[in-house]
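Here is what each chain is made of, one letter per residue.
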Amino acid sequence: EKGIGWGQVKKELFELIKNALSEASTRYHELMAAPAKIDDVLRAGAEAARKVAKPVIERVRSAIGFVNP
């Protein structure tokens, strides 16, 4: 019975993983090259989350009798 050796298996596995992750790797490097863009996206996401969360937090505080000073 013939097969392939571990060295060949490792090379083929490496190529499969590299190809599967190439798009994500490219995107990662694009994002790392523009940290200000990441900050902008995070800031916008935090603002959007606050808009949704604020009324919920106010209802919860009211329901438990917690009043802001």
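Calculation criteria
Residues numbered from 1 in each chain as written. Predicted model: local features only at pLDDT ≥ 70, side-chain atom pairs only at ≥ 80, totals over all residues. Heavy atoms only, no water. Helix = DSSP H or I, 4+ residues; strand = E, 2+ residues; numbered from the N terminus. Rg over C-alpha atoms; globule rule 2.2 N^0.38 Å. Buried < 20%, exposed > 50% of the residue type's maximum accessible area, 1.4 Å probe, protein only. Areas by Shrake-Rupley, 256 points an atom, 1.4 Å probe, with all protein chains shown as cover. Lys, Arg positive; Asp, Glu negative; His and termini not counted. Charge placed at Lys NZ, Arg CZ, Asp CG, Glu CD. Salt bridge = Lys/Arg side-chain N within 4 Å of Asp/Glu carboxyl O.

Focus: the overall build of the protein
Okay, so step 1: Per the secondary structure count, the protein includes two helices and zero strands.
Okay, so step 2: Taken against the 2.2 N^0.38 rule, which gives 11 Å for 69 residues, the C-alpha radius of gyration of the protein at 25 Å runs more than 25% over that of a compact globule.
Okay, so step 3: Looking at the 69 residues of the protein, the share that counts as buried comes to 0%.
Okay, so step 4: As displayed, the protein offers around 6600 Å² of accessible surface, 63% of which is attributable to carbon and sulfur atoms.
Okay, so step 5: Charge-centre separation for the protein: the mean point of 12 positive side chains lies 6 Å from the mean point of 9 negative side chains.

Quick word on the pattern of salt bridges
Okay, so step 1: All chains considered together, the criterion is met by four salt bridges.
Okay, so step 2: Between E15 and K18 there is a salt bridge, and its shortest N-O distance comes to 3.5 Å. Of this pair, E15 and K18 are both found in helix α1 (residues 6-32), three residues apart, which corresponds to roughly one turn of the helix.
Okay, so step 3: Note on E15: relative accessible area 36%, which makes it partly exposed.

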